[in-house]
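Each chain, letter by letter, is given below.
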Amino acid sequence: MKKFILVVAVAACGGSKATPATPTNGAGSGSATDASPAAYHQKVLADMTTFRERICKCADKACGKKVMDDFNAWGAEMAKNPAADSAPPDELQPKLTEASDGFYECQHKVMQDQ
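My aim in this report is to walk through the structure given alongside it, one point at a time.

Cut-off values and rules
Residues numbered from 1 in each chain as written. Predicted model: local features only at pLDDT ≥ 70, side-chain atom pairs only at ≥ 80, totals over all residues. Heavy atoms only, no water. Helix = DSSP H or I, 4+ residues; strand = E, 2+ residues; numbered from the N terminus. Buried < 20%, exposed > 50% of the residue type's maximum accessible area, 1.4 Å probe, protein only. Contact = heavy atoms within 4.5 Å. Areas by Shrake-Rupley, 256 points an atom, 1.4 Å probe, with all protein chains shown as cover. Salt bridge = Lys/Arg side-chain N within 4 Å of Asp/Glu carboxyl O. Expected span 1.5 Å × (residues − 1). Polar contact = N/O pair within 3.5 Å; in protein donor to acceptor, adjacent residues only side chain to side chain. Phe/Tyr/Trp six-rings, centres within 6.5 Å; stacked < 30°, edge-to-face > 60°. Arc of directions from axis to C-beta.

## Digging into the overall build of the protein chain
Within the protein chain, the secondary structure is distributed over 4 helices and 0 strands. Ordering the α and β elements of the protein chain from the N terminus gives α-α-α-α. When burial is assessed residue by residue, the protein chain has 43% of its 114 residues classed as buried. In the protein chain, of all internal contacts separated by at least 6 residues, the share reaching a separation of at least 24 is 85%. As displayed, the protein chain has an accessible area near 5900 Å², and 55% of this comes from carbon and sulfur atoms.

Put into structure tokens, the structure is as follows:
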């Protein structure tokens, strides 16, 4: 999963008018060591969905950059969790793929269409 987060984090580009709906660091967050791998991956899915929603609402590069800055900080924190090296449960994989694909589609659109 670290590879997933790092690949996502490397895609950063762009600016700053995002909705402040930054995912919170609760149980299963990056630095929590007591979260199970399943809880960790549930947290990743919830946060990726929030990031997808945020970036898809962006109308300019400044907004996209703010979301990407928040996303990169989140990815760095999540990568610290020991569960980041575990594979997500099979039932979450399609949802994680959908969330990340949607995120990247919107990121590409907002960062290219200016």
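## A look at the pattern of salt bridges
Taken as a whole, this structure holds 5 salt bridges when the rule is applied. Taking the shortest distance from any N to any O, the salt bridge between Lys80 and Glu77 comes out at 3.2 Å. When its relative accessible area of 58% is taken as the criterion, Lys80 is described as exposed. Several salt bridges share partner residues, and in doing so they unite Arg54, Lys66 and Asp70 into one network.

## As for helix H3 (residues 61-78)
Residues spaced three or four apart along an α-helix face the same direction, because each turn holds 3.6 residues. The end-to-end C-alpha distance of H3, which contains 18 residues, comes to 25 Å, matching closely the 26 Å that a straight helix rising 1.5 Å per residue would cover. Those residues of H3 lying buried are Cys63, Gly64, Val67, Met68, Asp70, Phe71, Trp74, Gly75, Glu77 and Met78. Between the side-chain oxygen of the N-cap and the backbone nitrogen of Ala62 there are 3.3 Å, and the N-cap of H3 in question is Asp60.

## Some thoughts on the packing of aromatic side chains
As enumerated under the stated definition, the model contains 5 aromatic pairs in all. Arranged with centres 5.2 Å apart and planes meeting at 85°, the rings of Phe51 and Phe71 form a pair that is edge-to-face. You can see Phe51 sitting in helix H2 (residues 37-56) and its partner Phe71 sitting in helix H3, a full 20 residues away along the chain. In terms of burial, Phe51 and Phe71 fall into one category: buried. Grouped by ring-pair contacts, the aromatic residues Phe51, Phe71, Trp74, Phe103 and Tyr104 constitute a single cluster.

## Concerning helix H4 (residues 93-112)
End to end, H4 covers 28 Å across 20 residues, agreeing with the expected 28 Å (1.5 Å per residue, within 8%). Looking only at H4, the buried set comprises Leu96, Ala99, Ser100, Gly102, Phe103, Cys106, Gln107, Val110 and Met111. Buried residues along H4 cover an arc of 160° about the axis, so they all sit on one side. Those residues of H4 that are exposed and angled more than 90 degrees off the buried face are Pro94, Glu98, Glu105, His108 and Lys109.

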